[in-house]
Amino acid sequence: YYGRLVALGFMIVFGVTMLSPTLAARVMYPLASLGEWVAGWAGHRDAGSGMGTSVLLGVATGLAWAPCAGPVLGLILTSAALRGPSVQTSALLLVYGLGAASALAAVQLFGRTLLDMVRGTQWIEWARRAVGVAAVAGSAFVALGLDGVLLSRFSPAYAGTVEQNLVTSLGKNQAAEVRARAKEAARPLSGPLRTLLDQPKWLNTAPLEPEDLRGKVVVVNFWTYSCINCLRTLPYVRAWADKYKDQGVVVIGVHAPEFAFERNEANVRQALGNLGVRYPVIADNDFRIWQAFDNQAWPALYFIDANGRIRHRALGEGDYAQSERVLQQLVFETKGTPPAKELVADPGRGAQASPDLANLESGETYVGYDKATGFASPSGFAEDVSRMYQAPLVLSLNHWALEGSWTVRGEFAELSSARGGIRHRFHARDLHLVMGPAQAGNPVRFRVLIDGHPPGADHGADVDAEGWGSAADVRLYQLVRQSGAVANRTAEVEFFDGGIRAYSFTFG
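The structure presented is a predicted model; accordingly, all values stated were derived computationally and were not measured.

Visitor: I'm lost on helix α12 (residues 228-244) in this one. Help?
Guide: Note that an α-helix has 3.6 residues per turn; residues three or four places apart therefore point the same way. Here α12 is 17 residues long and its end C-alpha atoms lie 25 Å apart, about the 24 Å a rise of 1.5 Å per residue gives. In α12, a bend of some 35 degrees at Leu234 exceeds every other bend along the element, and Pro235, a proline, comes one to four places later. Residues Ile228, Cys230, Leu231, Arg232, Thr233, Leu234, Pro235, Tyr236, Val237, Trp240, Ala241 and Tyr244 constitute the buried set of α12.

Dropping the structure here:
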């Protein structure tokens, strides 16, 4: 910055001296006098052709030359420093060098004859002043930053082409790199889709390639396998994948875990098989794809057209009809033939069935102390240590309690004793519990009671009419589905083996 100011100052002084011969003589007098003294001293030496004399004459010539040509060279070098190397800068330096060489050649060849022809000519004085005005005006132009504006608007288009040709001519490796970058820039995939393809952990298919998505309609589903909202969306996503796969639609699941056990690829692969998910699913354990899409919820659906643009986003479950109509419109835009107007009917069964929103008065309840609410066991949590817990005789709505010896951690509570239980007072048609054994391969037996009685017809998909079930995997278990009128109920889950981990209650 300061160097730029100094250079501009010198240019202004140069321009002013060109306007006034008297001022120029005073400014240049020290350099000219020094040059005359060096030349005179060298001329008196006998060895006029010696190397030392030649050096001195060169110094004298430089001192005389610098006040005239130095500012021009400084201007060119300043431009190069500010704008970087370019074809324009190289051309200016070449022209400057040719001009300087021409001037020196003219002096050498014509000498005094040329000087006598020019001396006293009136137009020389006017040309001198014009150069001075141009130098001052140009310095002011640069100082105000107007040069950058002018160059950005009127820079010749051919310069980029010339520079590109120079780059590609440097060698095969550079040319190959340029072609690769051009191909990448031309690939009709949006930034989020490129991030998706860069991920290596495809769980149930071979990794997709750009040609698998180019020109296709893409549906991206963010989910995690123990999330009840994701599970209720899943039947629609599966149905769309089957219905539209022959019409240029690619469905991709992005599995972004909520709990630590959902980061385990073996757990996710097993869940994919149990849930009948055959479309490609990728593990997003580090949430890179989540962030690339700027996603904010489980589940989330993104509908991307054949040009790689996100055309519709649905956060949370529901609104499936609108989402499928968007999908049909994108297929029509791509194929040119309208797809069938029929929409997928509610395909959900068991825990994947749509919720009974009219009777839903209980919300997700976390068991680990990081997010727990409504905990009613006396004395509260003892974090990260084993402790005996008791349930109060009466639970208020949307409160819960532990019974037996449990170790409560940030994400879950783990049963430390051979037997224990957990109770919840809720108001909803369905009750689910995310749970599983601490050690894989050690299933835990449990029994569910509703208001102290076996559930009968109100049992969930993962227990029988007597309330018996077994937790062999870490996942969501449906414990209660009320078949009649929905009312406030107390569910008690009793475990008959130690080592169970309970994560969260959800409802529907």
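Visitor: In this structure, what is going on with unusual backbone geometry? I would like to understand it.
Guide: Leaving glycine out, the prevailing phi sign among residues is negative, and the prevailing peptide bond configuration is trans. Here the residue pair Trp298 and Pro299 is connected by a cis peptide bond, since its omega of -20 degrees sits within 30 degrees of zero. The topology assignment puts Pro299 in the loop between α14 (288-292) and β4 (300-304). A positive phi angle, close to 65 degrees, is found at Asn398, a residue other than glycine. By the element assignment, Asn398 lies in the loop between β7 (386-389) and β8 (400-408).

Visitor: What is the right way to look at helix α15 (residues 320-335) in this model?
Guide: Between its terminal C-alpha atoms α15 stretches 22 Å, which fits the 22 Å expected from 16 residues at 1.5 Å a residue. As for α15, its buried residues are in contact with β1 (217-223), α12, β2 (249-255), β4 and β5 (310-315). Just past α15, the residue Gly336 takes up positive phi, approximately 85 degrees.

Visitor: Hey, could you run me through a nonpolar patch on the surface in this one?
Guide: A cluster of nonpolar residues, Ile12, Val13, Val16, Leu23 and Val27, forms a patch on the protein surface that exposes about 330 Å² of accessible area. When contributions to the nonpolar patch are tallied by element, the ones reaching two or more residues are α1 (2-19) and α2 (21-43). Per element, the largest residue contribution to the nonpolar patch is three residues, and it comes from α1. Within the secondary structure layout, Val27 lies in helix α2. You can call Val27 partly exposed: its relative accessible area is 37%.

Visitor: Just to check I follow, could you spell out the nonpolar core for this structure?
Guide: Note on soluble globular proteins: their nonpolar side chains tend to be buried together. Core analysis: the largest hydrophobic core is formed by 42 residues, its most contacted members being Trp223, Trp240, Val249, Leu275, Tyr279, Phe303 and Leu327. It is α12 that provides the largest number of residues to this core, a total of nine residues.

Visitor: Would you take a moment to explain the sheet that holds strand β3 (residues 281-283) for this structure?
Guide: Strand-to-strand pairing in sheets goes through backbone hydrogen bonds, with the strands running parallel or antiparallel. Reading across from one edge, β3-β2-β1-β4-β5 is the order of the five strands in this open sheet, with mixed pairing throughout. For this open sheet the edge positions go to β3 and β5, each flanked by a neighbour on one side alone. Pairs of neighbouring strands in the sheet enclose a mean axial angle of 20 degrees, with direction left out of account. Here three bridges tie β2 to β3, and the two strands are oriented parallel to one another. The residue bridging Gly253 from the neighbouring strand is Val281, located in β3. Against the sheet, α15 touches β1, β2, β4 and β5, its axis set at about 165 degrees to β5.

Visitor: In this structure, what is going on with the environment of Glu466? I would like to understand it.
Guide: Position of Glu466 relative to the elements: it lies in the loop between β11 (444-450) and β12 (468-471). Sequence separation of Glu466 and Gly456 is 10 residues, and the distance between their C-alpha atoms is 6.1 Å. Excluding residues that lie within four positions of it along the chain, Glu466 makes contacts with Arg447, Val448, Pro454 and Pro455.

Visitor: For this particular structure, what's the right way to read the packing of α12 against α15?
Guide: A pair of packed helices is captured by two measures, namely the crossing angle of their axes and the spacing between those axes. For the pair α12 and α15, interaxial distance at closest approach is 12 Å and the crossing angle is 20 degrees. The angle between α12 and α15 places the two elements in the roughly parallel class. Regarding α12 and α15, the two cross each other, and that crossing is right-handed. Contacts between α12 and α15 involve Arg232, Thr233, Tyr236, Trp240, Lys243 and Tyr244 from the former and Tyr320, Ser323, Glu324, Leu327, Gln328 and Val331 from the latter. Within the contact of α12 with α15, the residues separate by chemical class into six nonpolar, three polar and three charged.

Visitor: I tried to follow the side chain of Gln482 on my own but got confused; where do I start?
Guide: In this fold, Gln482 is placed in the loop between β13 (475-481) and β14 (489-495). Judged by relative accessible area, which is 6%, Gln482 ranks as buried. One polar contact links the side chain of Gln482 to the main-chain carbonyl oxygen of Ala428, over a distance of 2.7 Å. Polar contacts involving the side chain of Gln482 include one to the side chain of Arg489, which spans 3.1 Å. Other than its neighbours up to four places away in sequence, Gln482 contacts Phe426, Ala428, Arg429, Asp458, Ala487 and Arg489.

Visitor: Looking at this structure, how should I read the pattern of salt bridges?
Guide: Two side chains with opposite charge may pair up if their charged atoms get near one another. Tallying each qualifying case throughout the model produces 20 salt bridges. A salt bridge links Arg501 to Glu414, with the nearest nitrogen and oxygen atoms 3.1 Å apart. Of this pair, Arg501 sits in strand β15 (residues 500-507) while Glu414 sits in strand β9 (residues 413-426), and the two are 87 residues apart along the sequence. Linking Asp451 and Arg489 is a salt bridge whose minimum nitrogen-to-oxygen distance equals 3.5 Å.

Visitor: Explanation requested: the packing of aromatic side chains in the structure shown.
Guide: One pair of aromatic rings is described through two measures. These are the centre distance and the angle between the planes. For the structure on display, the rule yields 25 aromatic pairs. Consider the rings of Phe222 and Tyr302, whose centres lie 5.7 Å apart with planes at 75 degrees: the pair is edge-to-face. Here Phe222, found in strand β1, pairs with Tyr302, found in strand β4; they are 80 residues apart in sequence, far enough to count as distant. This pair shows no difference in class: Phe222 is buried, exactly as Tyr302 is. Here the aromatic cluster, defined as three or more aromatic residues joined through ring pairs, consists of Phe222, Phe287, Trp290, Phe293, Trp298 and Tyr302. Over the ring of Tyr366 we find Lys371; its NZ or CZ atom is 5.0 Å from the centre of that ring. If you follow Arg475 out to its NZ or CZ, it ends over the ring of Tyr477, 3.8 Å from the centre.

About the thresholds
- Residues numbered from 1 in each chain as written.
- Predicted model: local features only at pLDDT ≥ 70, side-chain atom pairs only at ≥ 80, totals over all residues.
- Heavy atoms only, no water.
- Helix = DSSP H or I, 4+ residues; strand = E, 2+ residues; numbered from the N terminus.
- Expected span 1.5 Å × (residues − 1).
- Bend = angle between axes of the 7 residues up to and from the residue.
- Buried < 20%, exposed > 50% of the residue type's maximum accessible area, 1.4 Å probe, protein only.
- Contact = heavy atoms within 4.5 Å.
- Patch = residues over 30% accessible without salt bridge, like charges linked within 9 Å, V, L, I, M, F, W, Y side chains within 5 Å.
- Areas by Shrake-Rupley, 256 points an atom, 1.4 Å probe, with all protein chains shown as cover.
- Salt bridge = Lys/Arg side-chain N within 4 Å of Asp/Glu carboxyl O.
- Core = buried A, V, L, I, M, F, W, Y, C linked by side-chain atoms within 4.5 Å.
- Pairing = 2+ DSSP bridges.
- Axes fitted to C-alpha atoms, helices over the stretch in contact; angles between N-to-C directions.
- Parallel < 35°, antiparallel > 145°, perpendicular 65-115°, else oblique.
- Left-handed = near helix turned anticlockwise from the far one by under 90°.
- Nonpolar A, V, L, I, M, F, W, Y, C, P; charged D, E, K, R; others polar.
- Polar contact = N/O pair within 3.5 Å; in protein donor to acceptor, adjacent residues only side chain to side chain.
- Phe/Tyr/Trp six-rings, centres within 6.5 Å; stacked < 30°, edge-to-face > 60°.
- Lys NZ or Arg CZ within 6 Å of the ring centre and 35° of its normal.

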